[in-house]
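Read off the chains here:
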Amino acid sequence: MTPDRRSCIHRILVIDDHADIHEDVKKILGVTGCTSSLTNAKAALFGDGDTPTPRQSGHRFQVDAALQGEEGFKMVEAAKNEGRPYSLVLVDMRMPPGWDGVETIRHIWACDPDVQTVICTAYSDYSLDQILDQLGSSDRLLILKKPFDTVEILQLANALCEKWILHREAAVKMDQLERMVQERTAQIEHAMLHDKLTGLGNRTLLAERLAAAIERRRRHPDYRFAVLFLDFDRFKLINDSLGHEVGDLLLIEISSRLTSSLRATDMISHSTMPIRVGGDEFIVLLDDYREEPDAARVAQRLLDALSVPYLLNAQKLHLTASMGIATSERDYQNPADIIRDADTAMYRAKARGRARFVMFDANMHEEVATRLDMENAMRKAMHDSEFLLHYQPIVRLDTGRVTGFEALLRWNHAERGTLSAAELIPIAEETGIILPLGLWVLREACTQLCAWRKQYPEADRLVMSINLSRRQLLDPELVNQIHAIVSGAGLPRGSLVLEITESTVLEDPIEAIKTFERIKDLGIWLHLDDFGTGHSSISCLYQFPLAGMKIDRAFLRNVLTSKPHAVVLEAIISMARAFDLQIIAEGVETEEQADFLRRLGVGHAQGFYFGRPTDPASAEKLIQSGMAPAAKRELAGVAT
Ligand code: C2E
Ligand code: CA
Ligand code: CA
C-alpha cells in the first residue's frame, strides 16, 4: 500500500523505562498540545514569526510509549500485524530489569525491517562501536546521546519519518516493477507456448506436456494418455477460394469447438488440451482417461462436433477432419514417436475415405518401416545409378509416324529385377524422394533427347514427354530447376512436354496455374494426363494453359463397349478441338482400338500396340525407321 504523504499520521513508539521521557517526546512532537519546550523547538527549527506546526511542515505524529523492551516489541509486532506499522521507534539503551536497547532493537527489526530506529544512550553506556558491533551497521539506526535536545528530537522525527516514507514508496515501486516484469515474463512465456491466432497451445507446449505424460506413465503404469492427430480434409481449398481471412476465422471456430467439446467430456482429465501444430493440423493430448475405448469415444465426439456446418460471413461451410490416434499402451519413450504414429494413423484415416479416425496399430508400424527401408534403398539406388528411363513411342494415328516418346521411370533392382514406375512412384512421392528423383528424370530425358537429336536427323522434331508429380509441383524451386536443365541441354523451345494430372493441382490450383504459366513461358508444352479417370474435370481444359490431353486407357477400354462412353469421348474430342488441344489416346493395345480412334479423328496414340516402353537402344531403332512397327504393318496391310 502506498503511504499517502498528506493524510499520513506517523506512529512513533518510545520505549524507555522513564515515563517522563515518554511525556517529553509527546510534547515535543506536538501530540499533547504546545508546551514551552515545543514552542522553543519550533522556533529553533523554523525560525521565529509565522511558525508552522509540525503538521504544516509535512508530518503529523502519534506517539505511543512502552516502559520495557519486550512490551515495546509486542506493540511493534501488533502494529505491523494491524497494517499500521510504526515509522519510528526511540529506544532507551538501559531499561532494567528487562531487555536492553540492543536486544529490543534486534527483536523489533526481526519483526519489522522497515522501521526507523533511534537508540538513546547516555555517555556511560556502550560505546558507539560496541553498539554497531552488536547490531551491525544499518541505515535504519541512529544513535542519540542523552540528554537530548528537543530540537534534535523534532528534526530526527521529521527526517526519519520522511525517510521511512521514501523507503516505503521505493519498496512499492520495486514491487510494481517486479510485478510488471513477472507479467511480461508470463506474457512472453505464454507467447512461446501458444498459437497466436487461436490461443491454443503450440508444438513447444505439446512437447513439454508429452514428455511429462511419458514420464508419468513410466512411474504409474495405470496412467493413460493418447495423442489425437487431426487434419482437416480439403481445408486448403477453402483457404484458397474464400481467402485467408475466412480461413483464419474457420481455424478460430475449430479451436473453440475443440476446446468446448473437450470441456464437456467427462471421460478425461481437465488437463486435456487441444494444440495447433500448424496450418490446419491439430493435436489433442488426451490426458488421464479411464479405459481404452474412451479415447475412441472422445475422438468420435470431436469429429461430430467438428463436422457441424460452419457459418462464417453468412456462408455455410462443410468441413470434415481425419484423425489418427496413438495411445500410451505402446509405452513410448519420446514425444516424437507417439506423434509420428498418430500422424501415420491419420494418413490411414484419409486413405480410408477421410472424415473418420483410425487407431494406430503395429502393422502400420511395419508398413512405415518397410516404407522407410524403401526410401533408404531408393536413395542408395540413386547414388548407385540403378534408376533408368524407358521410352514409349507416341505416334500420329493417321501416318503412324513416331512424333515423340514418353519417358517412364524404371528401377534395375538387384534382387527384384526391373521395377515399374507404378511400383515406384507412389513411394517416391510419399517419402519425398520424388524431388531429387524427378529432377534426375528431367535431366536424363533431356540429355537423351539431345543425344538423339545430334545423332539422328529424324529426331529433329521429336518431342519428349516427362511426368511431373504433385510433390514436384509444390516445390517453389521447380521452374528454376527446369529452366536450368533445359537451357543446359540446349533443347529448342517446343521439344519438351510435361505431363500433369488434375489431382496434382487440387491442393492449390491457383499456385499451380501460376507455375504452369511460367513453365509455358519456357517454351515447354503442358499435357493433362489420365483424362477420364475421375480425377479430371472439364474445367481444367480451359483453366490450365494446356497444349494437349491424354485420354486414359481405362476410358478407352470403356469406349469400345459402352455407347455413353463413346458419346462422351466424341464430345471431349470436339471440345478439345475447340480449345485447340492435341489429343493423345493412351493404352492402345489393339488394332480395333486404333481404328476406332482414327475414325473419331483422334490425332495421336500411345500403347503396347504401337510399342512398349523400351530401353534407349530399342527406341533408337524406332527413331531410325521413323515408325512404330504396328503402324508399319497397318500401312503395309493397306498397301496390299
Ligand atoms: P502414365 O503417365 O499414365 O504412363 C503410362 C503407363 O501406362 C506406364 O506405366 C506405361 O508402361 C503403361 N502403358 C503404356 N501403354 C500401355 C498399354 O497399352 N497397356 C497397358 N496396360 N499399359 C500401358 P508405368 O511406366 O508403370 O508408369 C505408371 C505411372 O507412373 C505413369 O502413368 C506415370 O503417372 C508415373 N510415372 C512414370 N514415370 C514417371 C516419372 O518419371 N515421374 C513421375 N512423376 N511419374 C512417373
Ligand atoms: Ca504420363
Ligand atoms: Ca497417363
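Starting from 1, residues in each chain are numbered consecutively following that chain's sequence as written. Labels follow written order: the first chain is A, the first ligand is 1, and so on. Residue-level local features of this predicted model are given only where pLDDT is at least 70; pairs of side-chain atoms are given and counted only at 80 or more, and the full residue set underlies all totals for whole chains, interfaces and linings. Water and hydrogen atoms play no part in the side-chain values, which are based on all heavy atoms of the structure.

1. A short note on the coordination of the calcium ion (ligand 2)
Reasoning step 1: Atoms are scored as donors when they are N, O or S and lie within 2.8 Å of the metal, with 3.2 Å used for Na, K and Ca; no water is included, so coordination may look incomplete. At the metal site, the calcium ion (ligand 2) is ligated by Glu-406 (OE), Asn-467 (OD1), Glu-499 (OE) and Asp-529 (OD), and these contacts range over 2.0 to 2.3 Å.
Reasoning step 2: Counting residues between consecutive donors of the calcium ion (ligand 2) along the chain gives the motif E-x60-N-x31-E-x29-D.
Reasoning step 3: Taken as a pair, the calcium ion (ligand 2) and the calcium ion (ligand 3) lie 3.9 Å from each other and share Asp-529 as a ligand. Residue Glu-499 is found in strand S17 (residues 496-500), and its partner Asp-529 is found in strand S18 (residues 525-531); the two are separated by 30 residues along the sequence. Only DSSP runs of H or I reaching four residues or more are called helices, and only runs of E reaching two or more are called strands; each is numbered from the N terminus.

2. With respect to the site of ligand 1
Reasoning step 1: Around ligand 1, 25 residues are found, and the nearest of them are Gln-392, Arg-410, Asp-529, Glu-589 and Phe-608.
Reasoning step 2: Any N or O atom pair separated by 3.5 Å or less is treated as a polar contact, with the protein-specific requirement of one donor-capable and one acceptor-capable atom, and with residues adjacent in sequence counted only for side-chain atom pairs. Taking Leu-409, its main chain carries an N or O atom lying 3.2 Å from a nitrogen atom of ligand 1.
Reasoning step 3: A distance of 2.5 Å is found between a nitrogen atom of ligand 1 and a side-chain nitrogen or oxygen belonging to Glu-589.
Reasoning step 4: Areas reported as accessible are Shrake-Rupley estimates using a 1.4 Å probe. Residue values count occlusion only from the protein chains shown. Surface burial for ligand 1 is 84%, taken as the share of its 790 Å² of free accessible area covered by protein chains.
Reasoning step 5: A per-element tally of the shell around ligand 1 places strand S14 (residues 402-413) first, with four residues.
Reasoning step 6: Taken together, the residues that form the shell around ligand 1 break down as eleven nonpolar, seven polar and seven charged. For this description, a residue counts as near a given molecule or strand if any of its non-hydrogen atoms is within 4 Å of it. Under the grouping applied here, Gly and all other residues not named as nonpolar or charged are polar, the nonpolar ones being Ala, Val, Leu, Ile, Met, Phe, Trp, Tyr, Cys and Pro and the charged ones Asp, Glu, Lys and Arg.

3. Considerations on the pairing of strand S16 (residues 463-467)
Reasoning step 1: Counting buried positions along S16 yields four of five residues, so the element is predominantly enclosed.
Reasoning step 2: Where S14 lies against S16, four bridges are found, and the strand directions are parallel. When the sheet's bridge partners are listed, Ala-407 is paired in S16 with Ile-466. Note on classification: 1.4 Å probe, protein chains only; a residue is buried when its accessible area is under 20% of the maximum for its type, exposed when over 50%, partly exposed between these limits. Paired strands are those between which DSSP finds at least two bridges.

4. Considering the state of the cysteines
Reasoning step 1: In plain terms, two cysteine sulfur atoms within 2.5 Å form what is called a disulfide here. Counted by the stated rule, this structure contains zero disulfides.
Reasoning step 2: Of all cysteine sulfurs in the structure, the one in Cys-161 sits closest to Cys-111, which takes part in no disulfide; the separation is 17 Å.
Reasoning step 3: For Cys-111, a relative accessible area of 18% puts it in the buried group.
Reasoning step 4: You can call Cys-161 buried: its relative accessible area is 0%.

5. Overview of the packing of aromatic side chains
Reasoning step 1: For Phe, Tyr and Trp, rings pair up if their centres lie within 6.5 Å, where Trp contributes its six-membered ring, and each pair is then called stacked (planes under 30 degrees apart), edge-to-face (over 60) or tilted (otherwise). Under the counting rule described, the total for this entry stands at eight aromatic pairs.
Reasoning step 2: Ring geometry for Phe-232 versus Phe-282: centroids 5.9 Å apart, planes at 85 degrees, classification edge-to-face. Pair noted here: Phe-232 is in strand S6 (residues 225-232) and Phe-282 is in strand S8 (residues 281-287), with a separation of 50 residues, a long-range link. Note on accessibility: Phe-232 and Phe-282 belong to one class, buried.
Reasoning step 3: Judged by centre distance (5.3 Å) and plane angle (50 degrees), the ring pair of Phe-405 and Trp-452 falls under tilted. Taken together, the residues Phe-405 in strand S14 and Trp-452 in helix H15 (residues 434-455) connect sequence positions 47 residues apart. By the burial criterion, Phe-405 is buried, and Trp-452 matches it.
Reasoning step 4: Here a set of aromatic residues connected by ring pairs shows up, and it is made of Tyr-391, Phe-405 and Trp-452.
Reasoning step 5: Counted as over-ring charges are cases with an Arg CZ or a Lys NZ within 6 Å of the ring centre that also lie within 35 degrees of the ring normal. In this structure, Arg-257 packs its charged tip against the face of Tyr-310, placed 3.7 Å from the ring centre.
Reasoning step 6: Geometry around Phe-608 places Arg-612 over its ring, the cationic atom sitting 3.8 Å from the centre.

6. So, the environment of Leu-156
Reasoning step 1: Tracing the backbone shows Leu-156 in helix H7 (residues 150-193).
Reasoning step 2: Residue Leu-156 is classed as buried on the basis of its relative accessible area, which comes to 14%.
Reasoning step 3: Separated by twelve residues in sequence, Leu-156 and Leu-144 have C-alpha atoms that sit 9.5 Å apart.
Reasoning step 4: Aside from chain neighbours lying at most four places away, what touches Leu-156 is Val-118, Leu-142, Leu-144 and Cys-161. It only takes one pair of heavy atoms within 4.5 Å for two residues to be counted as in contact.

7. Here we look at the sheet that holds strand S11 (residues 321-327)
Strand-to-strand pairing in sheets goes through backbone hydrogen bonds, with the strands running parallel or antiparallel.
Reasoning step 1: Spatially, five strands are ordered S7-S8-S6-S11-S12 in an open sheet, and the strand pairing comes out mixed. With one partner strand each, in any of the chains shown, strand S7 (273-278) and strand S12 (357-359) form the two edges of the open sheet. Each adjacent strand pair in this sheet contributes to an overall mean axis angle of 20 degrees, direction not counted.
Reasoning step 2: As paired elements, S7 and S8 share five bridges and run antiparallel to each other. Considered in S8, the bridge of Arg-276 is made with Phe-282.
Reasoning step 3: Interaxial angle, 0 to 180 degrees, is taken between N-to-C directions of lines fitted to C-alpha atoms, where a helix line uses only the stretch in contact. Against the sheet, helix H10 (residues 244-263) contacts S6, S7 and S8, and its axis sits at roughly 10 degrees relative to S8.

8. Structural notes on the coordination of the calcium ion (ligand 3)
Reasoning step 1: Ligation of the calcium ion (ligand 3) by protein atoms is provided by Asp-529 (OD), Asp-530 (OD), Glu-586 (OE) and Glu-586 (OE), these donors lying 2.2 to 2.4 Å from the ion.
Reasoning step 2: Donor residues for the calcium ion (ligand 3) sit on one chain with the sequence pattern D-D-x55-E.
Reasoning step 3: Taking the relative accessible area as the measure of exposure, Asp-530 reaches 25% and is therefore partly exposed.

9. What about the pairing of strand S13 (residues 387-396)?
Reasoning step 1: A large share of S13 lies buried, amounting to eight of its ten residues.
Reasoning step 2: Sheet topology places S13 next to strand S21 (residues 604-605); two bridges connect them, and they run antiparallel. Residue pairing across strands places Arg-396 opposite His-604, the latter belonging to S21.

10. What to know about the environment of Val-559
Reasoning step 1: Mapped onto the elements of the fold, Val-559 is located in helix H20 (residues 553-561).
Reasoning step 2: For Val-559, a relative accessible area of 3% corresponds to the buried category.
Reasoning step 3: Remark: the alpha-carbon pair of Val-559 and Leu-462, spanning 97 residues in sequence, is separated by 29 Å.
Reasoning step 4: Sequence-distant contacts of Val-559, defined by excluding residues within four places in its chain, comprise His-565, Ala-566, Leu-569 and Phe-596.

11. Observations regarding the side chain of Asp-195
Reasoning step 1: Here Asp-195 shows up in the loop between H7 and helix H8 (203-219).
Reasoning step 2: With sequence-adjacent residues up to four places away left out, Asp-195 is seen in contact with Leu-200, Gly-201, Asn-202 and Arg-276.

12. Some words on the confidence of the model for the protein chain
Reasoning step 1: Averaged over every residue, the pLDDT of the protein chain is 87; the share at 70 or more is 91%.
Reasoning step 2: For the protein chain, per-element mean pLDDT is lowest for helix H2 (residues 36-46), which scores 41, and highest for S16, which scores 98. Each residue gets a pLDDT score, which is the predictor's confidence in that residue and runs from 0 to 100.

13. Quick notes on a nonpolar patch on the surface
Reasoning step 1: Patch membership needs two things, relative accessible area over 30% and no salt bridge, and members are linked within 9 Å if like-charged or within 5 Å if nonpolar (Val, Leu, Ile, Met, Phe, Trp, Tyr). A carboxyl oxygen of Asp or Glu within 4 Å of a side-chain nitrogen of Lys or Arg is what we treat as a salt bridge. A surface patch of nonpolar side chains, amounting to about 370 Å² of accessible area, comprises Met-174, Leu-177, Met-180 and Val-181.
Reasoning step 2: Note on placement: Met-174 falls in helix H7.

14. Focus: the pattern of salt bridges
Reasoning step 1: Scanning the model with the defined rule gives 31 salt bridges in all.
Reasoning step 2: Residue Asp-337 pairs with Arg-340 through a salt bridge whose shortest N-O separation is 3.4 Å. Here Asp-337 pairs with Arg-340, and both are found in helix H12 (residues 335-351), just three residues apart, close to one helical turn.
Reasoning step 3: Given the relative accessible area of 23%, Asp-337 is considered partly exposed.
Reasoning step 4: Residue classification places Arg-340 among the partly exposed positions, given a relative accessible area of 35%.
Reasoning step 5: Lys-550 is the salt-bridge partner of Glu-499, the closest N and O atoms lying 2.5 Å from each other. A residue pair is termed long-range when its members are at least 10 positions apart, and Glu-499 in strand S17 and Lys-550 in strand S19 (residues 548-551) qualify at 51 residues.

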